[in-house]
Amino acid sequence: MSIVRNRLREYRLTGDSVEFLRNAREKLLAISPAENGSQSCRIDELYGFMPPLDMVRHTPATGNEEIRKTIRFYQLDGILTLQTRWDELTLGIWEIQSEYYCSYLKVFKERHKLLLAPQWNPEAYETMFQLAVLYLELLAAGFRSPLLRIPAIRNDLHRTLERIDDPLFRNCSLEIFIRLLDQELPAEEMPDQELFLQRARMQLADVLARRAGLAAKTGYRSIHARAAIRGAEEAWNRLFHPINRIWGHLANLPYYRRKIREYPSRSFAFDEIFHPDGRVSLSEVYPVEPDTVSDMAVKLRCDRYREVFPDCEAAAANRKIATELIRKLHGGRK
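So, here is what we can say about the structure in this document.

Its 12 residues place the ends of helix H5 (residues 151-162) 16 Å apart at the C-alpha level, agreeing with the 16 Å of an ideal helix rising 1.5 Å per residue. Burial analysis of H5 places 9 of its 12 residues in the buried class, which makes it a mostly covered element. If you check which residues of H5 are buried, you get Pro-151, Ile-153, Arg-154, Asn-155, Asp-156, Leu-157, His-158, Thr-160 and Leu-161.

All right, on to the sheet that holds strand S6 (residues 110-113) then. With antiparallel pairing, the 6 strands of this open sheet are ordered in space as S1-S2-S3-S4-S5-S6. The sheet terminates laterally at strand S1 (39-43) and S6, the two strands that pair on one side only. Averaged over all pairs of adjacent strands, the angle between strand axes in this sheet comes to 20 degrees, irrespective of strand direction. Where strand S4 (residues 89-96) and strand S5 (residues 99-107) come together, 7 bridges link them in antiparallel fashion. Bridge pairing in S5 links Gly-92 to Tyr-104. Lying over the sheet, helix H3 (residues 65-73) contacts strand S2 (53-58), strand S3 (78-84) and S4, oriented at roughly 130 degrees with respect to S3.

One can expect most non-glycine residues to show negative phi and most peptide bonds to be in trans. Positive phi outside glycine occurs at Glu-88, with the angle close to 50 degrees. Tracing the chain through its elements places Glu-88 in the loop between S3 and S4. According to the relative accessible area criterion, Glu-88 is partly exposed, its value standing at 40%. In this structure, Ser-98 takes a positive phi of about 65 degrees despite not being glycine. With respect to the helices, strands and loops of the structure, Ser-98 is situated in the loop between S4 and S5. Using a relative accessible area of 58% as the deciding quantity, one classes Ser-98 as exposed.

Let us look at the side chain of Asn-171. Mapping Asn-171 onto the fold places it in helix H6 (residues 167-181). Among all residues touching Asn-171, those that are not within four sequence positions of it are Trp-86, Asp-87 and Arg-211.

What follows covers the packing of helix H4 (residues 122-144) against H6. At their nearest, the axes of H4 and H6 sit 9 Å apart, and the two run at 65 degrees to each other. The element H4 and its partner H6 pack so that their crossing is left-handed. Touching Leu-134, Leu-138, Ala-141 and Gly-142 of H4 are Glu-175, Ile-178 and Arg-179, all from H6. For the contact of H4 with H6, the class distribution of residues is 4 nonpolar, 1 polar and 2 charged.

On to the pairing of S6, then. When S5 meets S6, the two strands line up antiparallel, connected through 4 bridges. What sits directly across from Lys-106, in S6, is Arg-111. Between S5 and S6, which pair antiparallel one after the other, the connecting turn spans 2 residues, and Phe-108 there sits at a positive phi close to 55 degrees.

Time to look at the packing of aromatic side chains. Enumeration according to the criterion identifies 11 aromatic pairs in this entry. Members of the aromatic cluster, connected to one another through ring pairs, are Tyr-11, Trp-120, Tyr-125 and Phe-129. Cation over ring: Arg-149 sits above Tyr-305, and NZ or CZ is 4.7 Å from the ring centre. Seen from the ring of Tyr-47, Arg-154 lies directly overhead, with NZ or CZ sitting 4.4 Å from the centre.

It is worth spelling out the pattern of salt bridges at this point. Inspection of every chain in the model, using the stated rule, returns 25 salt bridges. A salt bridge links Asp-295 to Arg-304; the shortest N-O distance between them is 2.9 Å. A salt bridge links Glu-324 to Arg-327; the shortest N-O distance between them is 2.5 Å. Here Arg-327 and Glu-324 lie together in helix H10 (residues 312-329), a separation of 3 residues that amounts to about one turn. Its relative accessible area of 37% is what places Glu-324 among the partly exposed residues. Residue classification places Arg-327 among the partly exposed residues on the basis of a relative accessible area of 46%. Bridged by salt links that share partners, the residues Asp-87, Glu-175, Arg-179, Arg-210 and Arg-211 form one connected network.

Here is what the cut-offs are and how they apply
Residues numbered from 1 in each chain as written. Predicted model: local features only at pLDDT ≥ 70, side-chain atom pairs only at ≥ 80, totals over all residues. Heavy atoms only, no water. Helix = DSSP H or I, 4+ residues; strand = E, 2+ residues; numbered from the N terminus. Expected span 1.5 Å × (residues − 1). Buried < 20%, exposed > 50% of the residue type's maximum accessible area, 1.4 Å probe, protein only. Pairing = 2+ DSSP bridges. Axes fitted to C-alpha atoms, helices over the stretch in contact; angles between N-to-C directions. Contact = heavy atoms within 4.5 Å. Left-handed = near helix turned anticlockwise from the far one by under 90°. Nonpolar A, V, L, I, M, F, W, Y, C, P; charged D, E, K, R; others polar. Phe/Tyr/Trp six-rings, centres within 6.5 Å; stacked < 30°, edge-to-face > 60°. Lys NZ or Arg CZ within 6 Å of the ring centre and 35° of its normal. Salt bridge = Lys/Arg side-chain N within 4 Å of Asp/Glu carboxyl O.

Note that all results are geometric; they support no functional claim without further evidence.
Below is the structure:
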């Protein structure tokens, strides 16, 4: 057994983290290598809501000498690097025999790096591992949310985020929106919005406390976390209206899906095409067959996402919003 698998056997990434990384690797394998042999692409499927995610993958035959030496020494299949402006996040992931291990993490200008030699520190690695899992699960939640695939919803939340001047609070708001949208409403919350708001308020306090602790110096983290909980009332008041609308989106999702199923002959769609350099282009609105569902397809040199709408008017309105978001965020390119 390799030193990586032996030393890190309790820290192998699993669940949603692995599913997200495997999907990312699939995207990279679907495109042609860059000039230096490394594979890279930019994922901007949630344009207008989440900053784009840049990915690079090195193999034993690519990368600089230090990367190649690391891959050879630890008998890795590859190194995957993910970067996004959200919390200035950078993640380094080692691939070995279809398993994934975190080797590097930077967040809030704080850096963590895996050191297997000369001295292995499991306590330090545990901290990095838990943070890596948290962020990978958040990224996975954002990209799998069916509601965040709808341009009108992304645009609604984007307007809220635009009005927040503090970048730390803006990133915090982005996280709580993702967490709330990554779930179906429990049966008891469907008719009772107050129950949802109580749960959302507790989740917001938890997110604020954890983020305040991470952003503070090591010796002051518990103090900042407690202060954030005490100050959660102000944050709740600022986000109350968009969180109310999120409950409405979640409550309407079953109806939206049922309407598409019950009136398939009236369903329409348009495609979003995501290019490796981050460009997004749109197809025209078109009618779809009765059994057509919203789906993502990984194609050579690009991904194609098709969102199905219950009628032509909804499809056209969302395409118009998507066009405006692309114009605003990508300098007018369609």
